[in-house]
Every structure is written in C-alpha cells, then in structure tokens.
Amino acid sequence: MKVLIVVLVALFISGCSVFGDNGVESAPYTVIHSDDANQIDVRNYESMILVSASSKDGDNSAFRKLFKYIAGENKGTQEIAMTAPVFIDGNDQGREIAMTAPVFMSDSVDEPSMSFVMPSDFTLATTPEPLDASVTISEVKNYKVAAIKFSGTLRRGNVEEHTLILRNWLDSNGYEQIGAPVKAGYNGPLTIPFLRHNEVLIEIK
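Everything quoted here is computed from the prediction, not taken from an experiment. (Residues numbered from 1 in each chain as written. Predicted model: local features only at pLDDT ≥ 70, side-chain atom pairs only at ≥ 80, totals over all residues. Heavy atoms only, no water.)

Draft legend 1. Expanded view of the pairing of strand 2 (residues 30-35). Direction of pairing for strand 2 relative to strand 3 (residues 40-54): antiparallel, over a ladder of five bridges. If you follow Asp-35 over to strand 3, its bridge partner there is Ile-40. Two successive antiparallel strands, strand 2 and strand 3, enclose a turn made up of four residues, where Gln-39 displays a positive phi of approximately 60 degrees. (Pairing = 2+ DSSP bridges. Helix = DSSP H or I, 4+ residues; strand = E, 2+ residues; numbered from the N terminus.)

This is the structure in structure tokens:
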C-alpha cells in the first residue's frame, strides 16, 4: 500500500499548548501489542479518510491547500462543529471541517505528498469534494503498523535514530516490514520539544 510517509508538526492546531496537549482528535487505532519499555506499539488503523495534496512544490504549498480545504474550500453547505479552532482569511463557501492529528507527509522522490486525516465520523461518501482539483480524497483500510514514540523535534537525526531502533525491534520480534518508514508529529510548533509527541511508523505484514 502506498501509504503516505508522515508528517509535519500540526501547524494548524491553534488550540495547541506549549505543554504538549494539542486539543484535537487523534486518528483512532487498535493496539495489538505494546512494548512500553521501548515506547513501541503494534497497531491497526481500521479506516482513515485522507485528504491529500502533492508537496512537489514544497511542504508549505501542500499545507496551504489542505488548510484551505478544511477551512471551507470544499463543496458543501453544512457547517460542522470544530474540534479545534481553525481560522483562515478568504473563501468560505463550504463546510468547515475539524482536524485530527497527525498530519501525514510522503517523502517519496517520485510523488511526495501531505495528507490530513479526517475526523472519525467522516466516510468517503460524506467527505466534501475539494474545490481544488489537485487535492484528492482516499481511504486507507486495515493499515497495520509498528510505531515508536519519541520526543524532541522531527529533525533528520532524531527520526533516523528512532527508525533504526524500530527496524531492529521488528527484526528481533519476527515482524515483516512491507512499507517505508513514516514520520508523524502531533503537536504545534510552540510545544516545548521535550514534551512533543512524535512517531515513526512502519507498515508490517
């Protein structure tokens, strides 16, 4: 499965705290196995609706497109409750959509992309169509991953260190890796680094 490699810190979370509470819904999953000592979970995301944009022109470009989408640049007439305040100037011709964490970002050389996870009550049928044709909607089902949690920033060295730990753990515990590493950030940029919740996820069989 071509899953999107995760994440920029959730810049959109205006309700974020410097103390780590992002105040928004997180994408739901089931924990299959937990290794608390190593901060590693094996988990399954039964279903996620993703709204995605290419980041070939840079992360900021993709982020702006997705942010506009959740703030109302979509085909819809019903305004829905927000799980966190989202503010944007300009177009307001559709429904505002609550955001969840994390934000997914693919590092693929051929097709880099960024994705937002829709709130859990959305389906493919109920997710409003984007007004921007370059923004796409997809559903990921039964996404089984191993995930390692860590603090600090998502700088390359920190991500690579924890990716190596996770890969070694998977090898030691007999799991087959079938996807590229994915990085995930759950906090806004004002959160104190040592209180941030970051993850690297690897899809497994």
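Okay, back to it.
Draft legend 2. The packing of aromatic side chains, seen in detail. Counted according to the given criterion, the structure contains five aromatic pairs. When the ring of Trp-169 is compared with that of Tyr-175, the centres are 5.7 Å apart and the planes differ by 15 degrees; the resulting orientation is stacked. Judged by relative accessible area, which is 24%, Tyr-175 ranks as partly exposed. Cluster of aromatic residues (ring-pair linked, three or more members): Tyr-29, Tyr-45 and Tyr-143. (Phe/Tyr/Trp six-rings, centres within 6.5 Å; stacked < 30°, edge-to-face > 60°. Buried < 20%, exposed > 50% of the residue type's maximum accessible area, 1.4 Å probe, protein only.)

Draft legend 3. Representation of the pattern of salt bridges within the structure. Under the counting rule described, the total for this entry stands at four salt bridges. Salt-bridge contacts for Glu-160 lead to Arg-156; the nearest nitrogen and oxygen are separated by 3.9 Å. With Glu-160 and Arg-156 both in helix 2 (residues 156-172) and four residues apart, this pair spans about one turn of that helix. For Glu-160, a relative accessible area of 46% corresponds to the partly exposed category. Overall, the relative accessible area of 65% leaves Arg-156 in the exposed class. (Salt bridge = Lys/Arg side-chain N within 4 Å of Asp/Glu carboxyl O.)

Draft legend 4. Region of the structure containing the environment of Ala-27. Mapping Ala-27 onto the fold places it in the loop between strand 1 (25-26) and strand 2. Between the C-alpha atoms of Ala-27 and Val-117, which are 90 residues apart in sequence, the distance is 6.9 Å. Once residues within four sequence positions are removed from consideration, Ala-27 is found in contact with Tyr-45, Met-48, Thr-100, Ala-101 and Val-117. (Contact = heavy atoms within 4.5 Å.)

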